[in-house]
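Chain by chain, the residues:
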Amino acid sequence: MYQSSKPRGDSPVSIIGAGIAGAWHALLFAQAGHAVTVHERSDAGMTESTSHFAGGMLAPWCEAEASEPVIGRLGMRSLDLWRQHFPQTPFNGSLVVAHARDRADFERFAKLTTNHRRLDARALTELEPALEGRFRDALFYPDEGHVEPRRVLPELHARIAQAGGTIEFNSDVDAGDLGGIVIDCRGLAARDTQADLRGVKGEMIVVETPEVALSRPVRLIHPRFPLYVIPRGDGRFMLGATSIESEDTGVSVRSALELLGAAYAVHPAFAEARIVEFGSGLRPAFPDNLPRISIEQERIAVNGLYRHGFLLAPALAELTLGYVARGVIDNEVMRCA
Ligand SMILES: Cc1cc2nc3c(=O)[nH]c(=O)nc-3n(C[C@H](O)[C@H](O)[C@H](O)COP(=O)(O)OP(=O)(O)OC[C@H]3O[C@@H](n4cnc5c(N)ncnc54)[C@H](O)[C@@H]3O)c2cc1C
């Protein structure tokens, strides 16, 4: 890290996009005393954001299986910020399980990740009684957490207002029309200025059943992408998520079969669950799948959060604030024009 010439710390701040990146930026900047206005083209339901469809897992150790060390570094800092700002966030860990036929991949996952404990069938039952008799063993990542995006986004928006910031919904703006410091958190819509962004499709299904009770996310090892079941409360579960190099936003029959099959493999009572929603979102990603804070004087763009938006947004917002307040550059994620 080094110091750079920075924008004026007392300038008003406009943030474009109230998804998870924009919301965390707005919160930290408003709390630091900036006059913050967030512009969001969607209404308060946020259905035009990728964040609306996310799992909300805060899982830096599990994600290390397929991501660079910087994701772990920022992810762990984010966990501290989630804990500090949202102390009610459940940090009761996550589980990884596998079918007998995927044993080799399970052992590989265990080798590539850290901060986990191996549970035998009995210990697994003690932790999640609903999984009794389902799996020979499991990996338990005790320090991981999860949030429900559709609850936490409105909470973040309310906190921004409490901190003195303003959110304008149904406000589709052009960065060129705004003065002061502008932080562009438009996700995939920022492709007009960040041409190397691409969308990576993630499909999800929400089901409802009173027959299964889980307290934490359960990942099922799968040869093509990580499948998981996340409890949402009130008998609802999110099944996610595919990872497909496509910008189509539908849900294919094949993906639906795989997601529903994963739920059924975790617990056969999911066979009788009611399907509540099929959905998909496009994860904004750069070619290296790493997040980027691009700085051009008072114009800052935060993007490429890919499959880690909830995990990374707090730490990225803190870095952007550190740059504006003190000129500190993080060489791993910042690019200065
Ligand atoms: C199925 C699925 C599961 C996922 N699971 C996880 C997970 O478990 N954990 C995790 O950390 N991440 C997860 N992700 C990834 C995460 O959802 C993304 O990284 C994150 O949502 C990206 O956030 P963002 O704020 O950059 O973009 P977005 O959420 O898309 O927000 C951008 C916002 O900008 C607004 N906007 C665009 N243009 C304009 C304009 N001109 N004016 C005003 N507003 C504008 C849009 O309406 C949108 O609301 C998942 C993603 C998917 C699809």
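Look up a bit, the structure's there.
Rules used in this analysis
Residues numbered from 1 in each chain as written. Predicted model: local features only at pLDDT ≥ 70, side-chain atom pairs only at ≥ 80, totals over all residues. Heavy atoms only, no water. Helix = DSSP H or I, 4+ residues; strand = E, 2+ residues; numbered from the N terminus. Rg over C-alpha atoms; globule rule 2.2 N^0.38 Å. Buried < 20%, exposed > 50% of the residue type's maximum accessible area, 1.4 Å probe, protein only. Contact = heavy atoms within 4.5 Å. Lys, Arg positive; Asp, Glu negative; His and termini not counted. Charge placed at Lys NZ, Arg CZ, Asp CG, Glu CD. Pairing = 2+ DSSP bridges. Axes fitted to C-alpha atoms, helices over the stretch in contact; angles between N-to-C directions.

Undergrad: How should the overall build of the protein be read in this particular structure?
TA: Scanning the protein from N- to C-terminus turns up eight helices and 19 strands. In summary, the protein has a C-alpha radius of gyration of 20 Å against a globular reference of 20 Å for 337 residues, a match within 12%. Across its three principal directions, the C-alpha atoms of the protein cover 60 × 40 × 35 Å. Buried residues in the protein amount to 56% of all 337 residues. If you take every contact in the protein between residues at least 6 apart in sequence, the share linking residues at least 24 apart comes to 76%. Across the protein, 35 positive and 43 negative side-chain charges occur, with their mean positions spaced 4 Å apart.

Undergrad: Help me understand the sheet that holds strand 2 (residues 13-16) in this model?
TA: The strand order 9-3-2-10-17-16-19 describes an open sheet built from seven strands, whose pairing is mixed. Because the sheet does not close on itself, it has two edges, and the strands there are strand 9 (166-168) and strand 19 (334-336). In this sheet, neighbouring strand axes are inclined to one another by 20° on average, regardless of whether the strands run parallel or antiparallel. The pairing of strand 16 (residues 292-296) with strand 17 (residues 299-303) spans five bridges and is classified as antiparallel. Looking at strand 17, one finds that isoleucine 295 is bridged to isoleucine 300.

Undergrad: Teacher, can you tell me more about the environment of proline 210 here?
TA: Structurally, proline 210 can be placed in the loop between strand 11 (198-208) and strand 12 (218-220). For the pair proline 210 and leucine 311, spaced 101 residues apart in sequence, the C-alpha separation works out to 29 Å.

Undergrad: Would you mind going over the sheet that holds strand 5 (residues 94-97) with me for this structure?
TA: Two strands in a sheet stick together by hydrogen bonds in their backbones, pointing the same way (parallel) or opposite ways (antiparallel). One open sheet holds the eight strands; their spatial order is 6-7-5-12-13-14-11-15, and the pairing between them is mixed. Each edge of the open sheet is held by one strand with a lone partner, namely strand 6 (117-120) and strand 15 (274-285). Neighbour to neighbour, the strand axes of the sheet diverge by 25° on average, direction disregarded. Set on the sheet, helix 4 (residues 103-112) makes contact with strand 5, strand 6 and strand 7 (137-141); between it and strand 7 the angle comes to about 25°.

Undergrad: Even after reading the chapter, I still don't get the pairing of strand 17, so can you show me in this structure?
TA: Look at any regular strand and the pattern is simple: side chains alternate between the two faces of the sheet. Judged by how many residues are buried, strand 17 sits mostly within the fold: four of five residues are covered. As judged from the three bridges shared by strand 10 (residues 181-184) and strand 17, these two strands associate in the parallel manner. Note on strand 17: the bridge partner recorded for aspartate 184 is alanine 301. The turn linking strand 16 back onto strand 17 is made up of two residues, and glutamine 297 within it adopts a positive phi angle of 50°.

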